[in-house]
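Below, each chain spelled out in residue letters.
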Amino acid sequence: MARASRDVRQEVERLRREIEHHNYRYYVLDDPLVSDAEYDDLFRRLERLEAEHPELASPDSPTRRVGAKPLEKFETVRHRHPMLSLNNVTTREEMAEFDARIRKFLNLERVEYVGEPKVDGVAVELVYEDGVLVTGSTRGDGVVGENVTPNIRTIRSVPLRLQHGPKPVPELLEVRGEVYLPLDAFRRLNREREEAGQPVFANPRNAAAGSLKQLDPRITASRALALACHGVGEVRGVKLGRHGEALEAFQAWGLRPVPQTRVLDSLDAAGTFFAELERERDALPYEIDGIVVKVNDLGLQRRLGEISRAPRWAVAWKFKPRQATTRIVNILASVGRTGVLTPVAELEPVQVGGVTVRNASLHNMDEVERKDVRVGDTVLLERAGDVIPYVVKVVTERRTGREKRFHMPAACPVCGAKVVRAEGEVAYRCIGLACPAQLKQQLRFFGARGALDVEGLGEKLVDQLVDRGLVRDVADLYRLDADTLVALERMGKKSAANLRAQLERSKQTTLPHLLVALGIRQVGEATAKALAEHFGTLERLMDATEEELQEVRDVGPEVAASIRRFFVEKQNRKVIKKLLDAGVRPAAITRPKGPLAGKKFVLTGTLESMTRPEAQRRIEARGGRVQASVSKETDYVVVGADAGSKLAKAQALGVRTLEEKAFLKLVGE
Ligand code: IVH
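This section reports on the structure supplied with the text. Quick caveat: nothing in here was measured; it's all calculated off a predicted structure. (Residues numbered from 1 in each chain as written. Predicted model: local features only at pLDDT ≥ 70, side-chain atom pairs only at ≥ 80, totals over all residues. Heavy atoms only, no water.)

**Quick notes on the pairing of strand E16 (residues 355-361)**
Both faces of the sheet carry side chains from a regular strand, because those side chains alternate between them.
So, step 1. In this structure, strand E15 (residues 340-352) lies alongside E16, joined through six bridges in antiparallel fashion. Along E16, the bridge assignment pairs Glu346 with Asn359. (Pairing = 2+ DSSP bridges. Helix = DSSP H or I, 4+ residues; strand = E, 2+ residues; numbered from the N terminus.)

This is the structure in C-alpha cells:
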C-alpha cells in the first residue's frame, strides 16, 4: 500500500474535523449545517481514504465510533471523586427548608442557584485527558462503576475529542451527565420490539440503561442515545468559578449541557421554574421527572460539602409521579398494520399525571403471561411522556379469584382469517390477504420494487384508495377506472393514465414477483424464485403439500407450513382468483436449461459420495427436478444404500432406477 502523501493526510484530518463539526452542529446545537446526504458523502469519502491508507488510522476518527468486537464483560472503574445521588423534595415547603438550611449554613441573606431539568436517564462519567475521551463509565455504587467506553463512544453527541474554544481544553476533565433515550427513539424501539415479540421497555430510563449495558457496542450504536452534561468531577488546567460557567464551557468544548437551565435568584424563581417545566413536561422530546436546584458558586458548593452520599448544595424537586392503579375491564386483540395482534387492556378510566387513561397496550402474549395479567385484575400503570401507558404489574393482593385469563383469538377479529403464531416467534399474526387492518401496508408492498413494481402507487395514493373505500384488496387495483382516479387528490389526467398504464403493465409479471407481492410470511425474493423454479406454475404451487414444498431448496418445515397456511386460507384463494381474472399473468421463469431439462427424480436411501441436498443441487443445475414421492411421472429413482419403499414402488410402476455410479455419470462434474 502506498504511503499516504501529505495531501491525503491533510484531507483525512480535514474530513475528520469537518464531520465532527457537523456532528456537533447536529447533535449538540440541534442546528445542522448540511443535509444528511452531504454528511453521508463526507463520511463515505473519509471511510474510503482510511481504507486505502490504513496507516492513517486513528481511534478518534468519526468512522471508529462503533467498535467491532463485543466485550466479554465490563471492567470496573473507580471514580476519582464519588458520584453522589440527590436528596428529593416534593413540596414547596420542603424546598423552602432546603433554601433556609443553605443560607443558615453559609450565613448568607441570599444564595444564587441554577435550576436544571432532572433528565430521566442513566448517570455516567466521561474522562477526557488532554481533550481526548479515554473512559466512559456508569455511576455504579457511586465509588466504582462499569467501564462502558466502547458504548459511550457510539453516542453521537459525545465528542471523541474536545474542541478548542474561548476556554482552553483542560488537561483533565471529568464530566458527568445523563445518558438518555429521546422519546421518539424510545417509541420506535418499543414498536420494533413489540413486532418482534421481544419484551418492551417500561420507560425511556430502562431503555437507556439496557442500551448502555450491552456488551456489543453495535447494539448500543443502533439505539440513538444522547448525553446531557450536568456536572464535573475533577478538572485540571482550567478554573471554573460557577456551575453556570461549567455549563457554558461544556458547550464550547463540544459537549451538550442539560438544556433549559436557568439562574435562579430566589426561592420564588425556583418555584416558577418548577411550575413551568412541569407544564412543559409532556411537550418535551425527552422524559424528565423533576428539576434539580444547585448552588451556583462552586466555592460555596465546596464549603457546603456532602452528607451521607448526597451533596448539601443540591436537591431534586420531583414532579408528581405518573403512576396510578385501576382495573382491567376487558382485554381485546388489536390488529396492527403488519397483521400482528396486540393484546390491549380496556381500563376503568383513571387519571395518570393529569391525563385520563382508558387503554393500555399489553404488547404481546409473552408479556401477558410473564406478568400474568388477567381480565378483572387491578394493575399499576405508568405513563412515560405521552406514550401509551404501560402496565407495570398486577396488584395480586387485590385478586378475588374471579379474574379471567386472556387467550388470543384463533380468527382475526377484523377479517376472520386464521391467526397463527409462527414457530420461534412471539407475535401472533393474521394471514388474511384482504384484511382491512393490513390493507394499506399490503398495497404498498404489492406495488413495491421486487414485487409488481407499480410506479406511482405511493403512500398518499394508497391512503386515499383505502380511506375512500375504493380498494378492499390488492386485486381491486385493477378495477380502478380513469374517472375514479382523476377524482382523487393530486391526481391529474396524465398521472391517472400513467398509473393505469403501470397497472396494465404489471399484469405481465413473473411468478417470483407475484409471490413476493403477495407478502407470504418468510417468502422473500430468493425463496420465491426457488418456489417458482420448482413448481413452474402458481396453480401447482397453490396445491403443493407441505412435504412437496420442502423439496424446494432452502424451504424447511416452518417456511413450508407458512406457505401452505397462506394458500389454504379461503380469503387468500379468493383474492388470487380475482387477480388472475383481472388478467394478471405470472409467467413461469425458465428453469436452467440442461441435459436433464424436464426430467423428474426421486432420491431414496443414502448416497456414499454426496449428501441429499448436494444431489438435488446437481440435478437442478442440469434442469431436472426432485420430487418427494414416486409416481408414474417419475423418470428416475436414484437408489442409495438401505433404500426402502420408494425403490419397491419404482419397481412396481416400472420407473427406471439408477445406482449411485450411474447417477454420478449422469450428473458428474
Ligand atoms: S446533579 C451531586 N443534575 O439524578 C449531584 N443530576 O437522583 C448529582 N440527574 O445520579 C447529580 N438530571 O443521574 C444532576 N440536571 C441534573 C440531573 C441529574 C438527572 C440524575 C443523576 C443523579 C440522579 C440523582
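**Let's talk about the packing of aromatic side chains**
So, step 1. All chains considered together, the criterion is met by 10 aromatic pairs.
So, step 2. Pairing Tyr26 with Tyr27 gives two aromatic rings, centres 4.7 Å apart and planes at 65 degrees, and the pair type is edge-to-face.
So, step 3. Seen in terms of ring centroids, Phe274 and Trp317 are 4.1 Å apart; in terms of plane orientation they differ by 10 degrees. Their pairing is stacked. Highlighted residues: Phe274 in helix H9 (residues 267-280) and Trp317 in strand E13 (residues 314-318), separated in sequence by 43 residues. Both residues of the pair, Phe274 and Trp317, belong to the buried class.
So, step 4. Following the ring pairs from residue to residue traces out a cluster consisting of Phe274, Trp317 and Phe319. (Phe/Tyr/Trp six-rings, centres within 6.5 Å; stacked < 30°, edge-to-face > 60°. Buried < 20%, exposed > 50% of the residue type's maximum accessible area, 1.4 Å probe, protein only.)

**What to know about the nonpolar core**
So, step 1. Grouped together as the largest cluster of nonpolar side chains are 67 residues, with contacts concentrated most on Leu126, Tyr128 and Ile152.
So, step 2. The residues contacting Tyr128, other than those within four sequence positions of it, are Leu133, Val158, Pro159, Leu160, Leu162, Glu171, Leu172, Leu173, Val175 and Leu255. (Core = buried A, V, L, I, M, F, W, Y, C linked by side-chain atoms within 4.5 Å. Contact = heavy atoms within 4.5 Å.)

**Brief notes about the sheet that holds E13**
So, step 1. The strand order across the open sheet formed by five strands is E2-E13-E10-E3-E9, and the pairing between neighbours is mixed. Each edge of the sheet is formed by a strand with only one pairing partner; in this case those strands are strand E2 (88-89) and strand E9 (262-264).
So, step 2. Pairing between strand E10 (residues 288-295) and E13: five bridges, direction antiparallel. Residue pairing across strands places Lys294 opposite Ala314, the latter belonging to E13.
So, step 3. Contacts from helix H3 (residues 92-106) reach E2, strand E3 (113-119), E10 and E13 within the one sheet, and its direction differs from that of E13 by about 175 degrees. (Axes fitted to C-alpha atoms, helices over the stretch in contact; angles between N-to-C directions.)

**Side note on the side chain of Arg25**
So, step 1. Counting through the fold element by element, Arg25 comes out in helix H1 (residues 6-28).
So, step 2. Beyond its immediate stretch of four places on either side in the chain, Arg25 contacts Asp30, Asp31, Pro32 and Leu33.

By themselves, these are just geometric observations and shouldn't be taken as functional.
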